[in-house]
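Here is what each chain is made of, one letter per residue.
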Amino acid sequence: MYSCAKCPGYCCSYEIIPVTKRDIERLADHFGVSFTKAKKRYTVPRDDEKYTMRRKADEHFGKVCQFFDTEARHCTIYSARPSTCRTYPGGRCGYYDFLSSERRRQEDPDHVATTWSP
């Protein structure tokens, strides 16, 4: 098993973090704003009439979800996070697989392929 506790937010850097209508409602409730305002503030429309989370700059990944704390490296809206984040990884985690491979290759169980520490 893997632990997300030491991950630098790999999944938060995905270009598309899909958002459902229920996710927007959850964000609206969390921030005490209307559905329309939440959709406008926190999401970006895609070509297929669906929405994705807005992103912001990040020194490690280029861009990350706007609700990711780039200093502490964690989600700032954990209780209101989108459903895709709630069910992630749903199978395999790419960052965990990469890190495990590097640790085996380096023959060092503590090797971490990032410059940050929790």
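Residues numbered from 1 in each chain as written. Predicted model: local features only at pLDDT ≥ 70, side-chain atom pairs only at ≥ 80, totals over all residues. Heavy atoms only, no water.

1. Notes on the overall build of the chain
Thought 1: Tallying secondary structure elements over the chain gives 4 helices and 7 strands in all.
Thought 2: Accessible surface, the chain: about 7900 Å² in total, of which carbon and sulfur atoms supply 50%. (Helix = DSSP H or I, 4+ residues; strand = E, 2+ residues; numbered from the N terminus. Areas by Shrake-Rupley, 256 points an atom, 1.4 Å probe, with all protein chains shown as cover.)

2. Here's the deal with the confidence of the model for the chain
Thought 1: On average, residues of the chain score 84 in pLDDT, and 86% of them are at 70 or above.
Thought 2: Low pLDDT (under 50) marks residues 114-118, which in the prediction has 11 contacts with non-local residues, meaning those over four places away or in another chain. (pLDDT = per-residue confidence, 0-100. Contact = heavy atoms within 4.5 Å.)

3. Looking at the nonpolar core
Thought 1: If you look at the biggest cluster of nonpolar residues, it comprises 12 residues: Ile17, Val19, Ile24, Leu27, Ala28, Ala38, Tyr42, Met53, Cys65, Phe67, Ile77 and Ala80.
Thought 2: What Cys65 contacts, discounting residues up to four positions off in sequence, is Cys12, Ile17, Met53, Arg54, Arg55 and Lys56. (Core = buried A, V, L, I, M, F, W, Y, C linked by side-chain atoms within 4.5 Å. Buried < 20%, exposed > 50% of the residue type's maximum accessible area, 1.4 Å probe, protein only.)

4. Quick look at the environment of Lys40
Thought 1: Here Lys40 shows up in helix H2 (residues 35-42).
Thought 2: Between the C-alpha atom of Lys40 and that of Ile24, which follows or precedes it by 16 residues, the distance is 9.8 Å.

5. Focus on the side chain of Arg26
Thought 1: Tracing the sequence through the fold places Arg26 in helix H1 (residues 21-31).
Thought 2: A polar side-chain atom of Arg26 sits 3.1 Å from the main-chain carbonyl oxygen of Arg81.
Thought 3: Apart from residues no more than four positions distant in its own chain, Arg26 is found in contact with Ser79, Ala80, Arg81, Pro82, Ser83 and Arg86. (Polar contact = N/O pair within 3.5 Å; in protein donor to acceptor, adjacent residues only side chain to side chain.)

6. Some words on the environment of Cys11
Thought 1: Inspection of the secondary structure puts Cys11 in the segment before strand E1 (18-19).
Thought 2: In the structure, Cys11 is positioned 54 residues away from Cys65 in sequence and 9.2 Å away in space, judged by C-alpha atoms.
Thought 3: Those residues in contact with Cys11 that sit more than four places away from it in its chain are Ile17 and Tyr88.

7. Some thoughts on the packing of aromatic side chains
Thought 1: In this structure the tally under the stated criterion is 5 aromatic pairs.
Thought 2: When the centroid spacing of 5.6 Å and the interplanar angle of 85° are considered together, the rings of Tyr10 and Tyr14 count as edge-to-face.
Thought 3: The partly exposed category is assigned to Tyr14, whose relative accessible area is 29%.
Thought 4: Residue classification places Tyr10 among the partly exposed positions, given a relative accessible area of 28%.
Thought 5: Among the aromatic residues, ring-to-ring pairing joins Tyr10, Tyr14 and Phe61 into one connected group. (Phe/Tyr/Trp six-rings, centres within 6.5 Å; stacked < 30°, edge-to-face > 60°.)

8. Considerations on the sheet that holds E1
Thought 1: Sheet architecture is open: 3 strands sit in the order E1-E3-E2, paired in antiparallel fashion. Two strands lie at the open edges of the sheet, namely E1 and strand E2 (43-45), each paired on one side alone.
Thought 2: Here E2 pairs with strand E3 (residues 51-53) via 3 bridges, running antiparallel. Among the inter-strand pairings, Thr43 is bridged to a residue of E3, identified as Met53.
Thought 3: The strands touched by H2 are E2 and E3; relative to E2, the strand with the most contacts, the crossing angle is about 80°. (Pairing = 2+ DSSP bridges. Axes fitted to C-alpha atoms, helices over the stretch in contact; angles between N-to-C directions.)

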